[in-house]
Amino acid sequence: MDDIVKEFLVESRENLDRVERDLVALEKDPNTPGLIAGIFRGVHTIKGGSGFLGLAKVESVSHAGENLLSRLRDGKLVLTAEAVTTLLALSDALRQCLDGVEHTGHEPEQDFAALLSKLAALQSGQAAPVAANPTNPANSTNSTNPSDVVPPPAPSAKTEPAHPAAPASAPATSPGAGASESNVRVDVGLLDKLMDLVGELVLARNQIVQLTSGREDSAFNAASQRLNLVTTELQEEVMKTRLQPIGNIWSKFPRVVRDMAQELRKQVRLEMDGQQTELDRTIIEAIKDPLTHLVRNAIDHGIETPAQRREAGKPETGVLFLRAYHEGGQVNIEISDDGRGIDLARVKAKAVEKALITPDQALRLSDREALQLIFLPGLSTAQKVTNVSGRGVGMDVVKTNIEKVGGSVDLQTEKDRGSTVKIKIPLTLAIIPALMVTSGGDCYAIPQVSLVELVRLDGGQARKGIETIMGTPVYRLRGNLLPIVSLSQVLGNAPCDFSKAEAVNVVVLQADDRQFGLVVDQINDTQEIVVKPLGKHLKGLAVFAGATILGDGKVALILDVLGLAQNARVLSKTRERKLTEQAEATDGAQLARQNLLLFSLGEDRRLAIDLGTVGRLEKFPRNTVERAGSQEVVQYRGQIMKLMRLSDCLSYPGLDGEPGDSMQVVVYSEHGRSVGLIVGRILDIVEDAVRLQSDDARAGVLGKAVIQGRVTELIDVPGLVRSFNPEFISA
Amino acid sequence: MSTETIHRDQNQFCTFHVDQFFFGVEVSKVQEVVRQQALTRVPLAPREVSGLMNLRGQIVTAIDLHRRLGLPERSGGQPCMNVLISTEDGAVSLLVDRIEDVLSVEPDSVEPAPETLQVELRRFIRGVSKQKDRLLLILDDAKAMDLSA
């Protein structure tokens, strides 16, 4: 294809991007000066170029659009939502033509007659009254006057103002002449090649630096020092050429949001902050689809219809907020909405329905864990499958795609207040700082992003520092138990015997939201490494993220911290599923580790509650207990909270709580309702793998197990509360 | 390239020894042959994978043909050579014992592998060419490199 045609395609697409963005901005605030003129110029430039290149369809379509726009610009027509929709359709039609030219070399067959006649009708003012009809369902904004189509954008709504400097100055017939002298268009392939070469240079530099380290030759040392500095600088600069502002992918969101809001009859205001935040283009490519998916999700699932919002006492227009910023060598992207939030009970119910977890597990899941269910494949909480979402492929794909580029996804939600998805991704993938370690005589690289700290245990500390719980080594790091994983064991070599070790090197790593200590033979140094992919024979090895070439020319494997954690069972990816399998396999015996609250009831009865179901632990003086009817209640945080005596509920006669002036109460909350469970004396909180015998399970009791050497009954708090308080079931 | 040269290329085989056998791979598939290289062991990898090597900045997986073909292990200290086969995902190295010449093979000298050959080996052989004083086994390189097969 001709270079000039290629250039025209690129420029026209950029123009259309801007036109669409400005159209949506204009619809929000029709009085912004200069916007309509900018749109006009964009379309005009395309028309000019197409005439020059003999693209008749592009010319006729853009000409029709230009006619309508010129009347709008001159104030002879008022901009209606219908006009905006038609103009956006015009943009789509032009894109279709451009795509056709790119792929087939000529324009598509389609004649766009409907669009042309619509444009002509609008131009002559005929269609205007229809669009102004407030009952027109296509008009999501239900408004006759475009100026109050949407409440005025908040000051933080950083919709780009007009682009007066844009192609305006370019003579319409010569696309490309407008490009400023200080910018050069460079083929992306060339940039990739440059990056590869810089990678090679970094390796060569590493080799030279290694060779110099033992030498006395000061001139040579100086030269290598200089090479070192220049290489580092060159690497940084080349890396910068590949950076693109995240605004490049965000720029299509105003359109996406507008179209979806119209389709779903919702009102959504899009706010963006940090469009200038830059990311490597390979990463930008990789997160484009996940981000779009999250935006669509937020509008479809998160933000309610105007009627629902009014009922909930919220402004009718929902806000979708995109934010990006740099933090600690990573880019954070947040997508938040002020919608209805995620209904955890429904998520759990859905997961049970789809047999992803058992009902039993559903009851025990903490809120945080329940939220993680969303990332399981095959789970969608949309009531109905819409065009937009609810097909059950979604969040798991989002998570996988983000994790593929070394990022992480976190989800926060609050009922009726909205949800926030936080994405953290590295700036670049090509060259990363890494910690080099040795295990079993081989050198491995650990990406520095996952590194938390290094701990070295010497002599007696090494022998005693590492303790074991049921064969699993742990280390007490400032009071917290840190699971210990031996790298050589994970890699299939001999497990290390900590009791005989002279010194133990622990690399504390962060995988997802969990930390663990990796024991290695030796910690070497940190290096900038060039990440190279592994061949397909080794793709299946989750513990390796790739390989790199060291200063001496040897190949070293790069450890995948997340994969490593999963492999060592510190973190299990499909934890919920595993639980299901395990529950089936061990015939009712539960071996999952749980945090348990241990307490006694009376003299010799020991009970335990899963800490995940405990909202709070409170102590109430006996004299604060009041009565409402036959019910014991207390005043708690400005509300009246029912009290239940555990001994009564379980019909353990004569065990009426503990004597004394105060009572220990476990507060259980669900859907904003709380109930207090009077327990006996609280003994301890333990984390244990419980082998549950559920042969005597009944309402409120999951079964019994041996905990701390004593037979202990496991109480099912949610079940117990529900069986005595029917209103919790309906909730 | 004329059809004649294509034809001739297809009949050119890069030959090598693995254990007691004499193998050949089409020359057009072979990127290059290099001497023994330092290999980095890959724990947890399939046992046929000997390790990773650095080929001028590219990381190449080396597959031990002894193990892949179910032949006795190469005795310690015995040198080996890398036959680099180019694939869509970059080069893959096949570790062989000794390299020999490039030979021309007449298509009509090729017969299917005899049924009596041990099954483990037979599945990797596309045919047997009768050379003057010996037999050349034509290696199914794709199968040899696809460890899942």
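For the structure, check the block above.
Residues numbered from 1 in each chain as written. Chains lettered and ligands numbered in written order. Predicted model: local features only at pLDDT ≥ 70, side-chain atom pairs only at ≥ 80, totals over all residues. Heavy atoms only, no water.

Visitor: How should I be thinking about the nonpolar core in this particular structure?
Guide: The tendency in soluble globular proteins is for nonpolar side chains to be buried as a group. If you look at the biggest cluster of nonpolar residues, it comprises 67 residues, and the most contacted ones within it are L518 and F544 of chain A together with F23 and L139 of chain B. The element contributing the most residues to this core is helix 7 (residues 188–212) of chain A, with four residues. For this core, the two domains that each supply at least three residues are domain 2 (189–242) and domain 4 (431–567) of chain A. Those residues in contact with F544 of chain A that lie beyond four places of it in its chain are Y444, L491, L534, L557, I558, L559 and D560 of chain A together with V42 and P43 of chain B. (Core = buried A, V, L, I, M, F, W, Y, C linked by side-chain atoms within 4.5 Å. Buried < 20%, exposed > 50% of the residue type's maximum accessible area, 1.4 Å probe, protein only. Helix = DSSP H or I, 4+ residues; strand = E, 2+ residues; numbered from the N terminus. Domains from an automatic or database assignment. Contact = heavy atoms within 4.5 Å.)

Visitor: So what exactly am I meant to see when it comes to a nonpolar patch on the surface here?
Guide: All names here are of chain A. On the surface, a nonpolar cluster with roughly 290 Å² of combined accessible area is contributed by V184, V186 and L190. Its place among the elements puts L190 in helix 7. Of the residues examined, L190 reaches a relative accessible area of 48% and is grouped as partly exposed. (Patch = residues over 30% accessible without salt bridge, like charges linked within 9 Å, V, L, I, M, F, W, Y side chains within 5 Å. Areas by Shrake-Rupley, 256 points an atom, 1.4 Å probe, with all protein chains shown as cover. Salt bridge = Lys/Arg side-chain N within 4 Å of Asp/Glu carboxyl O.)

Visitor: Explain the sheet that holds strand 6 (residues 408–414) of chain A here, please?
Guide: Strand pairing in a sheet relies on backbone hydrogen bonds. The paired strands run either parallel or antiparallel. Residue and element names in this part refer to chain A. Strand order in the open sheet formed by five strands is 2-4-5-7-6, and the pairing between neighbours is mixed. With one partner strand each, in any of the chains shown, strand 2 (268–273) and strand 6 form the two edges of the open sheet. When the angles between neighbouring strand axes are averaged without regard to direction, this sheet yields 15 degrees. Its contacts with the sheet put helix 10 (residues 253–264) on strand 2 and strand 4 (318–327), and the angle it makes with strand 2 is roughly 165 degrees. (Pairing = 2+ DSSP bridges. Axes fitted to C-alpha atoms, helices over the stretch in contact; angles between N-to-C directions.)

Visitor: In this structure, what is going on with helix 8 (residues 218–241) of chain A? I would like to understand it.
Guide: Given 3.6 residues per helical turn, the α-helix brings residues three or four places apart onto the same face. All names here are of chain A. Its 24 residues give helix 8 an end-to-end C-alpha distance of 35 Å, which sits within 8% of 34 Å, the value for a rise of 1.5 Å per residue. Three or more residues of helix 8 are buried, namely S224, N228, T231, Q235, V238 and M239. In this structure D217 caps helix 8, since a side-chain oxygen of it lies 3.3 Å from the backbone nitrogen of A219. (Expected span 1.5 Å × (residues − 1). Polar contact = N/O pair within 3.5 Å; in protein donor to acceptor, adjacent residues only side chain to side chain.)

Visitor: How should the packing of helix 3 (residues 56–73) of chain A against helix 4 (residues 81–104) of chain A be read in this particular structure?
Guide: To describe two helices that pack against each other, one gives the angle between their axes and the distance between the axes. Residue and element names in this part refer to chain A. Axis separation between helix 3 and helix 4 bottoms out at 10 Å; the angle between their running directions is 160 degrees. On the basis of their axis angle, the class for helix 3 and helix 4 is roughly antiparallel. By crossing handedness, the relation of helix 3 to helix 4 is classed as left-handed. Here helix 3 contributes K57, V58, V61, S62, G65, L68, L69 and L72 to the contact with helix 4, which in turn contributes L87, L90, A93, L94 and C97. Across the contact of helix 3 with helix 4, the residue classes tally to ten nonpolar, two polar and one charged. (Parallel < 35°, antiparallel > 145°, perpendicular 65-115°, else oblique. Left-handed = near helix turned anticlockwise from the far one by under 90°. Nonpolar A, V, L, I, M, F, W, Y, C, P; charged D, E, K, R; others polar.)

Visitor: Would you mind showing me how to read the pairing of strand 2 (residues 21–26) of chain B here?
Guide: Taken residue by residue, a regular strand's side chains alternate between the two faces of the sheet. All names here are of chain B. The buried fraction of strand 2 amounts to six of the six residues, a majority that puts the element mostly inside the structure. By the alternation rule, side chains of strand 2 split into F21, F23 and V25 and F22, G24 and E26, which are all buried. Of the pairings in the sheet, the one linking strand 1 (residues 12–18) to strand 2 comprises six bridges and is antiparallel in character. Bridging from a neighbouring strand, F16 pairs with F23 of strand 2. Linkage of strand 1 to strand 2, two consecutive antiparallel strands, is achieved through a turn of two residues, within which D19 is found at a positive phi near 55 degrees. Taken together, the two bridges between strand 2 and strand 11 (residues 135–139) define a ladder with parallel strand orientation. Residue G24 lies in a different strand from strand 11, and its bridge partner there is I138.

Visitor: Is there a simple way to think about helix 4 of chain A in this case?
Guide: In this model, helix 4 of chain A (24 residues) spans 34 Å end to end at C-alpha, consistent with the 34 Å of a helix rising 1.5 Å per residue. Following helix 4 of chain A by one or two positions, G105 of chain A has its phi on the positive side, about 90 degrees.

Such coordinate-based values are descriptive only and should not be taken to indicate function.
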